[in-house]
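# Survey of secondary and tertiary structure
Now for the letters of each chain:
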Amino acid sequence: MFFFRNKSKLSGEQKKLLDSYMTALKKDPGDGLTHFRVAELHDMDGRAEDAVNAYAESVRCHLRAGFAKKAAGCVKAALKAHPDAKALLEIEYPTFFKK
């Protein structure tokens, strides 16, 4: 019989932090900074797809809130870590992002 263990690369403290971020997002799913922090932790854990999705949600939240500079910073950080991230390319960006 085989048992698959979660081979998380996160420390115990980082796992607790991720859990607290996920709890916070249940209460306020529009918090772009928290989505960004979740993305960073997923990257540290080697969970690229989850990280890209969290980065993309962070960008969407910042854009909805009118924080274009924060959204641009999230895009820059995400594309640095994941240059081919399709989820980031599928976001409807304002025209000034496309220049």
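This write-up is about the structure you can find in this document. (Residues numbered from 1 in each chain as written. Predicted model: local features only at pLDDT ≥ 70, side-chain atom pairs only at ≥ 80, totals over all residues. Heavy atoms only, no water.)

## Here we look at the side chain of Asp-45
Its location among the elements puts Asp-45 in the loop between helix H2 (32–44) and helix H3 (48–64). Given the relative accessible area of 9%, Asp-45 is considered buried. At 2.6 Å, the side chain of Asp-45 forms a polar contact with the backbone nitrogen of Lys-9. Not counting residues within four places of it along the chain, the set of residues in contact with Asp-45 comprises Ser-8, Lys-9 and Leu-10. (Helix = DSSP H or I, 4+ residues; strand = E, 2+ residues; numbered from the N terminus. Buried < 20%, exposed > 50% of the residue type's maximum accessible area, 1.4 Å probe, protein only. Polar contact = N/O pair within 3.5 Å; in protein donor to acceptor, adjacent residues only side chain to side chain. Contact = heavy atoms within 4.5 Å.)

## A few points about the state of the cysteines
Tallying each qualifying case throughout the model produces zero disulfides. The structure places no disulfide on Cys-61, whose sulfur is separated from the nearest cysteine sulfur, that of Cys-74, by 9.3 Å. (Disulfide = S-S within 2.5 Å.)

## With respect to the pattern of salt bridges
Applying the stated rule across the entire model yields five salt bridges. Where Asp-50 meets Arg-47, a salt bridge forms, and the shortest distance between an N and an O atom there is 2.8 Å. With a relative accessible area of 34%, Arg-47 lands in the partly exposed category. Across the pair Glu-57 and Arg-64 runs a salt bridge whose closest N-O atoms are separated by 3.1 Å. Since its relative accessible area comes to 23%, Glu-57 is described here as partly exposed. Members of the salt-bridge network, linked through shared partners, are Asp-45, Arg-47 and Asp-50. (Salt bridge = Lys/Arg side-chain N within 4 Å of Asp/Glu carboxyl O.)

## Quick look at the packing of aromatic side chains
Counting across every chain of the model gives one aromatic pair. A centroid spacing of 5.4 Å and a plane angle of 65° characterise the contact between Phe-36 and Tyr-55, whose relative ring orientation is edge-to-face. Remark: Tyr-55 occurs in helix H3 and Phe-36 occurs in helix H2; sequence separation between them is 19 residues. The pair Phe-36 / Tyr-55 is uniform in exposure class, with both members buried. (Phe/Tyr/Trp six-rings, centres within 6.5 Å; stacked < 30°, edge-to-face > 60°.)

## A few points about the environment of Pro-94
As for its position among the elements, Pro-94 is in the segment after helix H5 (86–89). Residue Pro-94 is classed as partly exposed on the basis of its relative accessible area of 27%. Taking the C-alpha atoms as reference, Pro-94 lies 8.8 Å from Ala-68; in sequence the two are 26 residues apart.

## Regarding the nonpolar core
Counting 23 residues, the largest nonpolar core has Val-38, Tyr-55, Val-59, Leu-88, Ile-91 and Tyr-93 as the members making the most contacts within it. Of all elements in the fold, only helix H1 (12–27), H2, H3, helix H4 (68–81) and H5 reach the threshold of two or more residues within this core. The element that contributes the greatest number of residues to this core is H3, accounting for six residues. Once residues within four sequence positions are removed from consideration, Val-59 is found in contact with Ala-71, Cys-74, Val-75, Leu-88, Ile-91 and Tyr-93. (Core = buried A, V, L, I, M, F, W, Y, C linked by side-chain atoms within 4.5 Å.)

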